[in-house]
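Remarks on the overall topology
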Amino acid sequence: MKARNTNTNPNAQAKRPDPIVVSSFKVSGVRTISNGTPFADVTINGVTVYGCSVKANKDGDAFLAWPSTKGHDGKYYKHAWAPLSQEDQDNIITEIYKVMDNG
């Protein structure tokens with residue numbers, strides 16, 4: 001049986017969940033691709049997500065981008081995602097750059 005979207009309001013957006021409580025995180029497997037984009041494997045509260053990257057938004061602020069794949073429709077779809085506070089994202093990004101500088 002195929003799932004159907006029963007939302008009849010095309011402007012409706014899902015409410016973003018509250019950030020998770022990050023009790024621990026670890027950054028490993030840090031590498032860069034040819035354009036200089038850093039990639040890393042990030043373990044948060046014991047769960048590892050492979051292939052996270054650091055990207056910049058339109059204002060130039062860094063954010064943690066979750067791994068995704070381009071679909072047949074040209075849109076990108078995330079494989080994993082967790083709601084993180086800005087502080088936790090900043091701490092993880094800082095650690096990624098520390099590992100890059102020391103590696």
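Everything below is about the structure shown above.
What comes next is a walk through the structure. (Residues numbered from 1 in each chain as written. Predicted model: local features only at pLDDT ≥ 70, side-chain atom pairs only at ≥ 80, totals over all residues. Heavy atoms only, no water.)

**Description of the layout of surface pockets**
Condition: Any residue with an atom within 4 Å of a point lines the site, the site being either a cavity, points on a 1 Å grid over the protein atoms alone where a 1.4 Å probe fits but cannot get out, or a pocket, an open set with protein on both sides within 12 Å along at least 5 of 7 lines. Grid points are joined across faces, edges and corners, and a volume is the space filled by probe spheres set on the points. Only DSSP runs of H or I with at least four residues qualify as helices, and only runs of E with at least two residues qualify as strands; both kinds are numbered from the N terminus onward. Just so you know the grouping, Ala, Val, Leu, Ile, Met, Phe, Trp, Tyr, Cys and Pro go in nonpolar, Asp, Glu, Lys and Arg go in charged, and all remaining residues, Gly too, go in polar.
In this structure, the largest pocket occupies an estimated 400 Å³ of space. Lining the largest pocket are 22 residues, and of these Phe63, Leu64, Ala65, Trp66 and Lys78 sit closest to its centre. Elements with a contribution of two residues or more to the lining of the largest pocket: β3 (47-56), β4 (62-65) and β6 (76-78). Per-element tally for the lining of the largest pocket: the top contributor is β3, with four residues. Residues that form the lining of the largest pocket fall into these classes: 14 nonpolar, four polar and four charged.

**Remarks on the nonpolar core**
Spelled out, the test is: Throughout, nonpolar core names a set of buried Ala, Val, Leu, Ile, Met, Phe, Trp, Tyr and Cys residues whose side chains join them through atoms within 4.5 Å. For each residue, the accessible area found with a 1.4 Å probe, counting protein chains only, is set against the maximum for its type, and the residue is called buried under 20%, exposed over 50%, and partly exposed in between. We call two residues contacting when some pair of their heavy atoms lies within 4.5 Å.
Core analysis: the biggest nonpolar cluster contains 15 residues, and Ile44, Cys52, Leu64, Trp66, Leu84, Ile92 and Ile96 have the highest contact counts within it. Going through the elements one at a time, β2 (38-44), β3 and α1 (86-102) are the ones with two or more residues in this core. Apart from the residues within four sequence positions on either side, Cys52 is in contact with Pro38, Phe39, Ala40, Val42, Leu64, Ala65, Trp66 and Pro67.

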